[in-house]
Amino acid sequence: MSRRVLSALALPAGVSLAAAAAGFQIFCQEIEHPGEKKPSKKEATMGESRRHIKPCNLTGWWKNDLGSKMQVFKVSKDGTFSGEYHTAVSSTQKPIQPSPLTGSQHLDEDGQCTFGFTVNWKKFSDSTAVFVGQCFNGDGGKEVLHTSWLLREKVDSQPDDWKATRTGHNTFTRVG
């Protein structure tokens, strides 16, 4: 049995895919780029030390840049969680009420976890929001959540679908 090997050094993606389809094993090699600074020994070990950062814990109270607050109840061993979202902003005329949230956290070894959760505004609105984000341990171990969100509002007809979804970003910091 012959073994066909092709180094993927500087091959265009199409050539690499065609070679793989033809039965070649593709080996990727690190190449040096002229003018690119190699990391010092200290810089190279900084990446290693980040793996030992205290894991970010979503459990507790968080406040975002708009003044909204959320409480994440206990995160289970499989990463699922629930909680309550207390929004500070709304386009509805009804009084704002706390709303349930459910989510899942990717439990990563380095503690800089990604997560996502859904908020159902059913108590005062016909909309639903989904948030995705990542937890970071910033300066002095301060936990920060960077999120992006989609908010879907109910519309009366299909021609109004164009205006039904909003998007945005929020940064949350731990309260207390």
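Computed from a prediction, not measured in an experiment: that's the story for all the values here.

> Give me the nonpolar core: which residues, what numbers.
Burial of nonpolar side chains together is a common tendency in soluble globular proteins. Counting residues in each nonpolar core, the largest one holds 22 residues, and the members touching the most others are Leu58, Met70, Tyr85, Phe117, Phe131 and Leu145. Only β4 (69-72), β5 (80-86), β7 (114-120), β8 (127-137) and β9 (143-153) provide two or more residues apiece to this core. What Phe117 contacts, discounting residues up to four positions off in sequence, is Met70, Phe81, Tyr85, Leu101, Thr102, Gly103, Ala129, Val130 and Phe131.

> Any chance you could break down the packing of aromatic side chains for me, citing the residues and the numbers?
This structure, assessed with the given rule, holds eight aromatic pairs. When the centroid spacing of 6.3 Å and the interplanar angle of 10 degrees are considered together, the rings of Phe115 and Phe117 count as stacked. Exposure remark for Phe115: the relative accessible area of 5% places this residue in the buried category. For Phe117, a relative accessible area of 3% gives the class buried. An aromatic cluster is built from Phe81, Tyr85, Phe115, Phe117, Trp121, Phe124, Phe131 and Phe172, whose rings are joined through pairwise contacts.

> Break down the pattern of salt bridges for me, with residues and values.
Under the definition given, this model contains three salt bridges. One salt bridge in this structure joins Glu143 and Arg174, with 2.6 Å as the shortest N-O distance. One end of the pair, Glu143, is in strand β9; the other, Arg174, is in strand β10 (residues 165-174), and 31 residues separate them in sequence. Linking Arg152 and Asp161 is a salt bridge whose minimum nitrogen-to-oxygen distance equals 2.5 Å. Judged by its relative accessible area of 37%, Arg152 falls in the partly exposed class.

Analysis parameters
Residues numbered from 1 in each chain as written. Predicted model: local features only at pLDDT ≥ 70, side-chain atom pairs only at ≥ 80, totals over all residues. Heavy atoms only, no water. Core = buried A, V, L, I, M, F, W, Y, C linked by side-chain atoms within 4.5 Å. Buried < 20%, exposed > 50% of the residue type's maximum accessible area, 1.4 Å probe, protein only. Helix = DSSP H or I, 4+ residues; strand = E, 2+ residues; numbered from the N terminus. Contact = heavy atoms within 4.5 Å. Phe/Tyr/Trp six-rings, centres within 6.5 Å; stacked < 30°, edge-to-face > 60°. Salt bridge = Lys/Arg side-chain N within 4 Å of Asp/Glu carboxyl O.

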